Amino acid sequence: MATVQAQTFVYKGKDKRGKATQGEIKGTNLMLVKAQLRKQGVITTSVKKKSKPLFGGSKPINSADISLFTRQMATMMKAGVPLVQSFEIVSEGAEKESLKELINTIQDDVSAGLSFGVSLRKHPKYFDDLFCSLVEAGEQSGALETMLDRIATYKEKTEALKAKIKKALTYPIAVVVVAIVVTGILLVKVVPTFAETFSGFGADLPAFTLFVLGLSETAQEYWFIWLVALIATFICFKEARKRSPKFSDAVDKFSLKIPITGNIMYQAIVARFARTLSTTFAAGVPLVDALNSVAGASGNAVYREATLKVRDEVTTGIQLNQALRATGKFPVLLLQMASIGEESGALDEMLEKAAVHYEDAVDNAVDNLTTLLEPMIMSVLGILVGGLLIAMYLPIFKLGSVI
């Protein structure tokens, strides 16, 4: 049975003393809100749903907001604050109105008698199956505050890793975009000025100059078509990744083969694999179920398939490290850590150490990439801008022979 979510209503009226009052109140429908206000001694003159602004509305909730929410809830619970009161405190401190509404909705469900985990499952857009399963495991074991702390650490590490990957990929894309914009401006605005000057020359122009002038004429005539084609290509790429699993899997496989950034993504995937498996296994989730969660959180088709193969092998009784080795997709260090962990009975600790190692490796690789790209940016822009300037000044160097 679907649960009706509470809405925000604004009201105006008079209190018990006859003094004018107004404010906001949450409720599922107008009649219940009016009844609730009457119980509070408010004689209403106007009650209506709170309208949402047409522009500048509440910002959407992202994964970083969920990570912060989890950390705040873990802190409140560890301090001994009751669950429902923790929701109230965290909600008051939330900056985004949409996040406040989400927290208040979860609070209402928990206050009505639902468990925390079940309340979270009503919002799969923000809380995945792994998150909900770990919360439910914490509730069942009576160690919810410990589990929330573990989930918060996992979310924070995951977000930090995403930020590093984004940084690694954004830098080269930014270089390409800047180079295209600068070149376009020069071709459309600067080169035509030189072209008018060259039209009065009495000598043949150098081949390089003629080539650049031809590019300039093409850019002036078709720049809008090029821009539309570029935007359309970007939109089609995003839609194809979203709608076509085969295309998305092919992109995932190709992304791992890209020089430099492919290795960074590979290390990030291994780190995420080790971190997720360590967190779920430490929470008492059976290894086969934990591997299901890891496959869903891998973020890459190649390693999703590899993890599912590992799960099938483990189901038949094969040790984890042997199943990982059979795929040929995981590094030796992770295999050794998994083997030591299984032999010593401390698999979660060994996997966490492996996760820390590969997270540090990603961090170092991103820093090295940033250092490497700084001179490359100058070189690329220098070649483009310098090449265009040389092409424009070559005829001027010949001016002496014409006069």
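Scroll up to find the structure.
The rules behind these values
Residues numbered from 1 in each chain as written. Predicted model: local features only at pLDDT ≥ 70, side-chain atom pairs only at ≥ 80, totals over all residues. Heavy atoms only, no water. Axes fitted to C-alpha atoms, helices over the stretch in contact; angles between N-to-C directions. Helix = DSSP H or I, 4+ residues; strand = E, 2+ residues; numbered from the N terminus. Parallel < 35°, antiparallel > 145°, perpendicular 65-115°, else oblique. Left-handed = near helix turned anticlockwise from the far one by under 90°. Contact = heavy atoms within 4.5 Å. Nonpolar A, V, L, I, M, F, W, Y, C, P; charged D, E, K, R; others polar. Salt bridge = Lys/Arg side-chain N within 4 Å of Asp/Glu carboxyl O. Buried < 20%, exposed > 50% of the residue type's maximum accessible area, 1.4 Å probe, protein only. Core = buried A, V, L, I, M, F, W, Y, C linked by side-chain atoms within 4.5 Å. Patch = residues over 30% accessible without salt bridge, like charges linked within 9 Å, V, L, I, M, F, W, Y side chains within 5 Å. Areas by Shrake-Rupley, 256 points an atom, 1.4 Å probe, with all protein chains shown as cover. Pairing = 2+ DSSP bridges. Expected span 1.5 Å × (residues − 1). Lys, Arg positive; Asp, Glu negative; His and termini not counted. Charge placed at Lys NZ, Arg CZ, Asp CG, Glu CD. 1 Å grid on protein atoms, 1.4 Å probe; cavity = no way out; pocket = protein on both sides within 12 Å on 5 of 7 lines; lining within 4 Å. Points joined across faces, edges and corners; volume = space filled by probe spheres on them. Phe/Tyr/Trp six-rings, centres within 6.5 Å; stacked < 30°, edge-to-face > 60°.

Draft legend 1. Inspection of the packing of helix H6 (residues 129-141) against helix H7 (residues 144-198) at higher detail. Relative orientation of the contacting elements H6 and H7 amounts to 155°, with a least axis distance of 7 Å. In terms of axis orientation, H6 runs roughly antiparallel to H7. Crossing handedness for the pair H6 and H7: right-handed. Here Leu130, Phe131, Leu134, Val135, Gly138 and Glu139 of H6 lie close against H7, whose contacting residues are Leu144, Met147, Leu148, Ile151, Tyr154 and Lys155. The residue makeup of the contact of H6 with H7, split by class, is nine nonpolar, one polar and two charged.

Draft legend 2. Examining the pattern of salt bridges more closely. This model, assessed by the stated rule, comprises 14 salt bridges. Of the charged contacts, one joins Arg121 and Glu136 as a salt bridge, the two residues approaching to 2.8 Å between their closest N and O atoms. Here the residue Arg121 occupies a position in helix H5 (residues 116-121), and Glu136 occupies one in helix H6, the gap between them amounting to 15 residues. Its salt-bridge partner being Arg243, residue Glu239 comes within 2.8 Å of it at the nearest N-O pair. Of this pair, Glu239 and Arg243 both sit in helix H8 (residues 207-243), four residues apart, which is roughly one turn of that helix. We classify Arg243 as exposed; its relative accessible area is 67%.

Draft legend 3. The arrangement of the nonpolar core in detail. One finds Phe87, Phe116, Phe127, Leu277, Leu320 and Phe330 to be the most contacted residues of the largest nonpolar core, which totals 72 residues. In terms of residues, this core owes the most to one element, helix H15 (residues 347-397), which gives 11 residues. Of all hydrophobic cores here, the second largest spans 12 residues; its members include Val191, Ala219, Leu388 and Ala391.

Draft legend 4. Broad picture of the environment of Asp204. Topologically, Asp204 is positioned in the loop between H7 and H8. Classification of Asp204 as exposed rests on a relative accessible area of 72%. A sequence separation of 191 residues divides Asp204 from Pro395, and the C-alpha atoms of the two residues are 8.6 Å apart.

Draft legend 5. Inspection of a nonpolar patch on the surface at higher detail. A contiguous nonpolar surface patch, about 710 Å² in accessible area, is contributed by Trp223, Phe224, Leu227, Val228, Ile231, Phe234 and Ile235. In this fold, Phe234 is placed in helix H8.

Draft legend 6. Region of interest: the sheet that holds strand S2 (residues 20-27). Strand order across the open sheet formed by three strands is S2-S1-S3, with antiparallel pairing between neighbours. Since the sheet does not close on itself, it has two edges, and those belong to S2 and strand S3 (43-49), each with one partner. Direction aside, the axes of adjacent strands within the sheet are offset by 25° on average. On top of the sheet, helix H1 (residues 30-39) reaches strand S1 (7-14), S2 and S3; it is set at about 130° to S2, its chief contact.

Draft legend 7. Local environment of the pairing of S1. Where S1 meets S2, eight bridges bridge the pair, whose relative direction is antiparallel. Across the sheet, the residue bridging to Phe9 is Ile25, located in S2. A loop of five residues connects S1 with S2, the two strands running antiparallel in sequence, and Gly18 in this loop sits at a positive phi of about 85°. The sheet contact formed by S1 and S3 spans six bridges and is antiparallel.

Draft legend 8. Examining the environment of Ala35 more closely. For Ala35, the location among the structural elements is in helix H1. Taking the C-alpha atoms as reference points, Ala35 and Ala143, separated by 108 residues in sequence, lie 39 Å from one another.

Draft legend 9. Structural detail: helix H14 (residues 332-344). Here H14 contains 13 residues, and its C-alpha end-to-end distance of 18 Å stays within 8% of the 18 Å for a straight helix at 1.5 Å per residue. Taken residue by residue, H14 has Leu334, Leu335, Met337, Ala338, Ser339 and Gly341 as its buried positions. In this structure, the buried side of H14 is in contact with helix H10 (261-282), helix H13 (320-327) and H15. Positive phi shows up at Gly345, right after H14, with a value of about 75°.

Draft legend 10. Molecular detail of the packing of H8 against H15. Relative orientation of the contacting elements H8 and H15 amounts to 120°, with a least axis distance of 8 Å. Judged by the inter-axis angle, H8 sits oblique to H15. When the axes of H8 and H15 are compared, the crossing they make is left-handed. Residue-level inspection shows Phe208, Thr209, Val212 and Leu213 of H8 in contact with H15, the latter providing Gly387, Leu388, Ala391, Met392, Leu394 and Pro395. Split into classes, the residues belonging to the contact of H8 with H15 amount to eight nonpolar, two polar and no charged.

Draft legend 11. Representation of a positive patch on the surface within the structure. A cluster of basic residues, Lys253, Lys257, Lys309 and Lys329, forms a positive patch on the protein surface. By the element assignment, Lys257 lies in the loop between helix H9 (245-255) and H10.

Draft legend 12. Structural detail: the layout of surface pockets. For the largest pocket, the calculated volume is near 1,300 Å³. As for the largest pocket, its lining consists of 41 residues, of which Ile165, Leu169, Met265, Arg272 and Gly299 are closest to the centre. Sort the elements by how many residues they give to the lining of the largest pocket and H7 lands first, with 12 residues. Per-class residue counts for the lining of the largest pocket are 21 nonpolar, 11 polar and nine charged.

Draft legend 13. Main features of the packing of aromatic side chains. With the rule as written, the count across this model stands at seven aromatic pairs. With centroids separated by 5.5 Å and ring planes inclined at 80°, the aromatic side chains of Tyr303 and Phe330 adopt a geometry described as edge-to-face. Here Phe330 lies in the loop between H13 and H14 and Tyr303 lies in helix H12 (residues 301-315), a separation of 27 residues in the sequence. Assessed through its relative accessible area of 5%, Tyr303 is described here as buried. Owing to a relative accessible area of 8%, Phe330 belongs among the buried residues under this scheme.

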